[in-house]
Amino acid sequence: MTDNNHGYRMTEFRKSCQRHNMVRKFLRLFLFGCSLMILAAGFSLAQFHTAGAEQTQGDQAGTGAIDNPYPVEVLDLNPSQPASQPTSHAVAQPVSRPGFAYLGEFEVAAYSSDGKDMTYSGEAPVKGHTAAGALSVFKIGDTVLIDGDSYVIEDKVDEDAREKLRIYFDSYEEAKQYGRKKCLVYRHSEEPLEGANYLGEFQVTGYCSCFVCCGEKEEKLTKSETVPKAAHTIAADPSVIPLGTRIVIDDVTYTAEDTGKAIKGMQLDIYFDTHEEAVRYGRKEKYVYLKE
């Protein structure tokens, strides 16, 4: 009996130890699982706190939130210092300029002489003065304002060019530095004094008695068989302005005494004493009036 009792007691002891071991294992697993849950909850709270701080900072910067898409005004925490103003990028607007008409916003490029001594008008190009324009938009002799600076259209731009207006510079480097810009452009709005005496707008050039202008002639006389005189004689198309007609250009009175093969329609040729003066006059668009 003793041996059996001893064996029974040993069996019960082993079973008790096994139960304790199972309980300890269960507690370990339980505690481990609780630890993981606590860590996960802490991590979630930290993420939520960070997102809330970023949202608050974004709202203070004026970007708004999803539920409130309108900008939020920043509270001035230091009223002794003036609040910073947002940078303005307002587009320049046309303004009224006496004597000038607003043409619009043009893309303006730069150009240099490239070895040419004369412009299309016959004038020597001058930096800060000479501009070139498409003749479908401008006419030679037009005074234009480009971003407030005054220029005269003395050269022409090809009609298929990207820009219709160019500014002259002395060197390629200066032109390259200017590049291409959008500018507000105005044109001098001098209008003809239309009336019974107004003949129209003519293209006016210059000529002289040399062989370059008139060829080889035995007598240097006009078509009217008069001796040509500067500031007096002008060549015209007789079908438009008959010979002997007196006309006024820029307050100077001329008499139509001559003709020319190239003078057709709304074209006139003013006589000068020298070829250099004729070339210098170049080509201009002028209002022409009948002398009373």
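Quick caveat: nothing in here was measured; it's all calculated off a predicted structure.

**Things to note about unusual backbone geometry**
Next up, step 1: In the Ramachandran plot, Glu225 falls in the positive-phi region, its phi being about 60° despite a non-glycine side chain.
Next up, step 2: Here Glu225 lies in the loop between α3 (211-214) and β8 (233-236).
Next up, step 3: One non-glycine residue, Ala231, lies in positive phi territory at about 60°.

**So, the sheet that holds strand β12 (residues 283-290)**
Next up, step 1: Strand order in the closed barrel formed by 6 strands is β7-β11-β8-β10-β9-β12, with mixed pairing between adjacent strands. This sheet shows a mean twist of 45° between the axes of neighbouring strands, independent of strand direction.
Next up, step 2: Inspection of the sheet shows β8 paired to strand β10 (residues 252-258) by 3 bridges, in the parallel sense. Directly across from Thr233, in β10, lies its bridge partner Thr255.

**What to know about a nonpolar patch on the surface**
Next up, step 1: On the surface, a nonpolar cluster with roughly 520 Å² of combined accessible area is contributed by Val23, Phe26, Leu27, Phe30 and Leu31.
Next up, step 2: As for its placement among the helices and strands, Leu27 is situated in helix α1 (residues 2-60).
Next up, step 3: By relative accessible area, which is 43% here, Leu27 ends up partly exposed.

Calculation notes
Residues numbered from 1 in each chain as written. Predicted model: local features only at pLDDT ≥ 70, side-chain atom pairs only at ≥ 80, totals over all residues. Heavy atoms only, no water. Helix = DSSP H or I, 4+ residues; strand = E, 2+ residues; numbered from the N terminus. Pairing = 2+ DSSP bridges. Axes fitted to C-alpha atoms, helices over the stretch in contact; angles between N-to-C directions. Patch = residues over 30% accessible without salt bridge, like charges linked within 9 Å, V, L, I, M, F, W, Y side chains within 5 Å. Areas by Shrake-Rupley, 256 points an atom, 1.4 Å probe, with all protein chains shown as cover. Salt bridge = Lys/Arg side-chain N within 4 Å of Asp/Glu carboxyl O. Buried < 20%, exposed > 50% of the residue type's maximum accessible area, 1.4 Å probe, protein only.

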